[in-house]
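Coordinate analysis (summary)
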Amino acid sequence: MNFLLRIWRQPNAKLRGKLVDYEVRDISPNTSFLEMLDILNETLVTGGTEPIAFDSDCREGICGTCSLTINGEPHGPDHPGAVCELYMRKFRDGATITVEPFRVGSFPLLKDLVVDRRALDRIVQAGGFISARAGSAPEANSILIPKYDADLAMEAAACIGCGACAAACPNGSAMLFTAAKVSHLSFLPQGHPERESRVLRMVSVMDAEGFGSCTNTYECEAVCPAEISASFIAKLNREYARAAVQRGAGE
Amino acid sequence: MIGRFDAKVPPGPLAQKWRNHRDHSRLVSPNNRRKFEIIVVGSGLAGGSAAATLGELGYRVKCFCFQDSARRAHSIAAQGGINAAKNYQNDGDSVYRLFHDTIKGGDFRSREANVYRLAETSNNIIDQCVAQGVPFAREYGGLLANRSFGGAQVSRTFYARGQTGQQLLLGCYQALCRQIAAGTVQMFPQTEMLDLVIVEGHAKGIVTRSLCSGKIERHAADAVVLATGGYGNVFYLSTNARGCNVTATYRAFKRGALFANPAFTQIHPTCIPVGGEYQSKLTLMSESLRNDGRVWVPKRKEDRNKAPGEIPETDRDYYLERKYPSYGNLSPRDISSRAAKEVCDEGRGVGPGGRGVYLDFADAIKRLGEHTIRERYGNLFEVYEKITGEDAYKVPMRIYPAVHYTMGGLWVDYDLMSNVPGLFVIGEANFSDHGANRLGASALMQGLVDGYFVLPNTLPNYLAGQMGKRPSPDSPEFRESEKDVRARIEKLLNVKGTRSVDSFHRELGLLLWDKCGMSRHEKGLREALKKIPELREQFWHEVRVPGDGDDFNQSLERAGRVADFLEFAELMCIDALERDESCGAHFREEHQTPEGEALRNDENHAAVFAWEFQGDGKPPILHREPLNFETVHLTQRSYK
């Protein structure tokens with residue numbers, strides 16, 4: 001298969017970027033999208049030019065490192081799945097494909113298609129944990145958790161932290177990311193002692209990092225490789241309201 | 001040699017060793033802990049749990065990872081589960097049984113005392129992870145669920161769907177985040193360790209490079225902990241993430257740390273086969289598929305390009321069922337892998353390149369209905385279809401073995417300290433617990449046991465004598481090391497050849513897979529030992545690394561790692577040659593039973609092979625740590 005690629009090149013955050021055209025030829029339909037970029041990079045390197053910088057690591061959709069916007073869609077057209085799980089057979093032969101980084105104000109660009117997503121780490125650092133010292137844990141089966149709650153917690157916990165939700169959102173909101181972590185921990189009894197402070201702190205850091213608010217466009221859910229449901233955002237809002245009222249009442 | 005080559009296994013009966021050792025180890029008092037700085041390299045299950053726990057205890061911790069976030073370490077990709085001897089199923093499990101299964105699974109090439117401690121501590125891990133909010137699978141009554149796994153007759157595996165590694169890692173990442181917020185841990189993402197600094201015979205710091213800015217930095221500490229994972233990517237294609245590398249442990253080796261059993265690499269039998277020359281990684285398909293799938297290839301090689309449906313039953317060779325009638329398709333990992341290689345070597349392999357065998361679900365679908373198969377394996381069939389474009393409900397899957405895990409690693413004593421005082425090595429990066437073959441669901445267990453419970457209890461034993469001995473990062477040893485690091489980067493950038501880094505890596509991988517992969521023999525290893533230095537020579541003359549050193553430069557990152565793989569590969573082959581026996585995953589064709597099983601040589605080789613670096617171009621020196629089995633009885637494995 002042959003493709004015309006229009007790829008975002010930008011040496012660093014200070015210099016201006018632009019889309020550059022590249023032709024790739026004789027690509028097998030069983031090549032993954034990232035392998036197609038590897039092939040292009042190989043020809044760039046042997047030709048003496050700098051290869052295109054892009055992020056990837058596990059290449060099986062679980063580490064959350066890859067972060068490309070393809071024809072305007074974070075992770076490309078094959079949902080649900082990360083861009084490392086996208087194969088060229090999903091495209092028409094001869095297609096023109098535009099490749100850009102995740103575009104979110106809170107993810108500063110590092111180079112070409114690579115962005116800095118440390119803002120997401122800072123949201124978790126604000127309270128996305130249960131304080132449990134190694135050595136102090138009670139016997140595991142002393143905490144009974146109904147299967148339904150455990151399954152729901154697992155659904156929220158499946159988030160891979162890629163940031164596609166924020167990249168897809170017209171408001172650049174990281175509500176789905178934050179909601180997934182708040183929901184995961186508040187569905188479980190172990191998460192209850194820190195329930196209020198957790199949601200208040202995480203939301204406040206999320207806002208401080210410059211992420212937008214949710215206006216229910218559901219673009220986040222549509223592109224999420226881990227199929228995190230937007231209903232967790234409603235859960236986040238309820239948790240926040242509950243905590244804010246309690247805090248307001250002086251509890 | 002720097003330091004001492006002494007396992008320091010505590011005296012006393014096996015079951016009391018760990019308790020006795022803790023009772024008599026030295027401690028660091030709470031108000032003194034903040035005076036110690038600890039470097040942890042790696043943020044996976046071992047490194048992340050160690051950094052979080054040491055931070056919580058009050059030490060000042062610096063944690064480094066090459067990923068952009070600690071949450072992306074490769075532990076995240078583990079699927080199956082984590083073992084623990086809880087005996088929740090009342091099916092006869094015990095600490096002793098988990099210990100015995102692990103020793104036997106490792107084909108009697110691991111240290112009894114370490115493995116017993118691993119089994120003993122496994123239960124604390126489940127408690128700890130539940131307390132952190134890891135959403136393990138549960139039964140309707142709210143109790144934890146278990147499943148069974150290869151190499152055991154009990155159900156002792158805890159799991160969170162097919163994403164156990166992800167959930168355990170997120171638990172430990174969150175604990176780490178809490179310490180970062182508390183200020184006890186300082187996190188350095190996108191920062192790669194490029195050298196270990198040894199001052200007066202003790203590991204006292206590292207030199208790093210920022211992958212974003214290219215900045216080289218010197219970090220001094222009171223102790224250095226390496227938790228940098230395995231070296232499976234030396235084969236280029238493996239189930240490891242693209243970034244996994246040997247650089248940190250190999251740099252430590254070059255500074256004097258012993259490297260143990262580098263030839264012990266595990267090959268997983270059920271992966272999706274290689275599809276083309278530019279394939280960048282191999283994807284694992286859960287071993288559970290072999291419960292219902294039947295493995296076969298055509299009897300005649302002329303049939304190998306026919307569609308599977310056109311090959312009648314009588315022309316198919318269900319070779320696992322034929323060769324191992326009692327275990328059949330469920331034969332252990334190493335046996336199944338070698339059998340697949342054998343039929344492909346005979347020219348009967350299927351799919352592109354002829355390196356694949358069928359895993360056929362037609363009989364199971366006929367027997368149980370497509371619905372049941374979909375319920376059991378639906379997500380795996382989806383992954384398979386995404387990658388290959390084929391519907392495994394209609395045509396058989398194609399599978400082939402792939403490199404998955406490395407049992408070898410830096411040599412450590414009972415305290416998980418290497419021969420270099422102050423250098424601790426945990427998780428897959430050390431050699432300690434899995435012998436010559438790792439059992440399923442044991443890697444996660446080892447990483448967390450090391451990080452949460454072993455290291456925090458053994459590190460003070462070293463630190464107690466080190467108060468006030470942390471050198472300045474401006475001391476001559478650090479400057480010297482930084483100079484070396486800079487010189488190497490310059491050298492890589494100045495080759496200015498015409499070949500890409502990946503092209504060398506691919507060539508090395510093919511060579512090793514052929515000569516030092518699933519099975520090895522003396523002639524092949526000697527050939528590899530001749531070719532590797534030639535390839536390395538070519539690399540240093542022909543590689544092209546575009547861009548410069550003080551910038552975001554992914555080609556440079558990879559070039560440094562591949563340069564180390566090109567040296568490390570030689571060590572691996574030397575070890576494989578020296579270990580003149582077969583054991584576990586190390587299969588020397590010269591040594592097999594008439595049934596084709598691994599034939600150990602306990603008299604001469606019941607030992608850990610630990611290698612000491614002697615300088616570039618000089619052969620390393622072998623040190624042997626004899627393995628004394630006081631509790632278990634050595635037996636020959638048989639799966640007929």
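If you're wondering where the values come from, they're calculated on a predicted model, not measured in any experiment.

Notes on the overall build of chain A
The secondary structure content of chain A amounts to eight helices and seven strands. Across its three principal axes, chain A shows a C-alpha extent of roughly 65 × 40 × 35 Å. A total of 251 residues make up chain A; the buried ones form 60% of that total. Looking at chain A alone, contacts between residues at least 24 apart form 70% of all its contacts between residues at least 6 apart. Carbon and sulfur atoms form 49% of the exposed surface of chain A, whose accessible area is close to 9800 Å².

Things to note about helix α1 (residues 33-46) of chain A
All names here are of chain A. Taking 1.5 Å per residue, 14 residues should reach 20 Å; α1 reaches 20 Å between its end C-alpha atoms and fits that length. If you check which residues of α1 are buried, you get F33, L34, E35, M36, L37, D38, I39, L40, N41, E42, L44 and V45. Once α1 finishes, G48 follows within two positions and takes phi at roughly 90°, a positive value.

Some remarks on the pattern of salt bridges
Summed over the entire model, instances satisfying the criterion amount to 79 salt bridges over all chains. Residues R59 of chain A and D38 of chain A are paired through a salt bridge, measuring 2.8 Å at the closest nitrogen-oxygen approach. With R59 of chain A in the loop between α1 and β3 (68-70) and D38 of chain A in helix α1, this pair connects stretches of sequence that are 21 residues apart. Pair check on accessibility: R59 of chain A and D38 of chain A agree, each one buried. One salt bridge connects E321 of chain B with R294 of chain B, and the closest N-O pair in it is separated by 2.8 Å. Within this pair, whereas E321 of chain B is found in helix α8 (residues 319-323), its partner R294 of chain B is found in strand β12 (residues 294-298), the two being separated by 27 residues in sequence. Overall, the relative accessible area of 25% leaves E321 of chain B in the partly exposed class. Connected via shared salt-bridge partners are D107, R109, R579, E581, R600 and D602 of chain B.

Here's the deal with the domain arrangement of chain A
Note: interface size is frequently given as the accessible area lost on complex formation between the parts. All names here are of chain A. When the domains of chain A are assigned, the result is domain 1 (3-111) and domain 2 (118-248). Here the C-alpha centre of domain 2 lies 29 Å away from the C-alpha centre of domain 1. Facing 16 residues of domain 1, the contacting portion of domain 2 comprises 19 residues. Each partner contributes to the roughly 1200 Å² buried at the junction of domain 1 and domain 2, and carbon and sulfur atoms together form 68% of this total. Contact with domain 2 buries area across many residues of domain 1, yet P74, S106 and F107 alone supply 35% of it, more than any other trio. The tally of links between domain 1 and domain 2 comes to zero salt bridges. For the pair domain 1 and domain 2, the number of links is one residue pair in polar contact (both at pLDDT 80 or more). By residue class, the composition of the side of domain 1 that touches domain 2 is nine nonpolar, six polar and one charged.

Section: the packing of aromatic side chains
All names here are of chain B. Applying the stated rule across the entire model yields 29 aromatic pairs over all chains. Ring geometry for F253 against F259: centres 6.2 Å apart, planes inclined by 85°, an arrangement best described as edge-to-face. For the pair shown, F253 and F259 are each scored as buried. Each ring, one from F253 and one from F613, has its centre 5.5 Å from the other, and the planes form 65°; the classification is edge-to-face. Of this pair, F253 sits in helix α7 (residues 247-254) while F613 sits in the loop between β18 (607-612) and β19 (621-626), and the two are 360 residues apart along the sequence. Through a chain of ring-to-ring contacts, the aromatic side chains of Y231, Y250, F253, F259, F568 and F613 assemble into a single cluster. Over the face of the ring belonging to W18 we find R117, whose NZ or CZ atom lies 4.8 Å from the ring centre. Here the basic side chain of R294 rests over the ring of Y318, its NZ or CZ set 3.8 Å away from the ring centre.

Let's talk about the interface of chain A and chain B
In this assembly, 73 residues from chain A lie in contact with 72 residues from chain B. Summing the contributions of chain A and of chain B, the shared interface buries around 6100 Å²; its carbon and sulfur component is 52%. Counting across the chain A and chain B interface gives eight salt bridges. In this assembly, chain A and chain B are joined by 39 residue pairs in polar contact (both at pLDDT 80 or more).

About the criteria used
Residues numbered from 1 in each chain as written. Chains lettered and ligands numbered in written order. Predicted model: local features only at pLDDT ≥ 70, side-chain atom pairs only at ≥ 80, totals over all residues. Heavy atoms only, no water. Helix = DSSP H or I, 4+ residues; strand = E, 2+ residues; numbered from the N terminus. Buried < 20%, exposed > 50% of the residue type's maximum accessible area, 1.4 Å probe, protein only. Contact = heavy atoms within 4.5 Å. Areas by Shrake-Rupley, 256 points an atom, 1.4 Å probe, with all protein chains shown as cover. Expected span 1.5 Å × (residues − 1). Salt bridge = Lys/Arg side-chain N within 4 Å of Asp/Glu carboxyl O. Domains from an automatic or database assignment. Buried area = accessible area lost by both parts, 1.4 Å probe. Polar contact = N/O pair within 3.5 Å; in protein donor to acceptor, adjacent residues only side chain to side chain. Nonpolar A, V, L, I, M, F, W, Y, C, P; charged D, E, K, R; others polar. Phe/Tyr/Trp six-rings, centres within 6.5 Å; stacked < 30°, edge-to-face > 60°. Lys NZ or Arg CZ within 6 Å of the ring centre and 35° of its normal.

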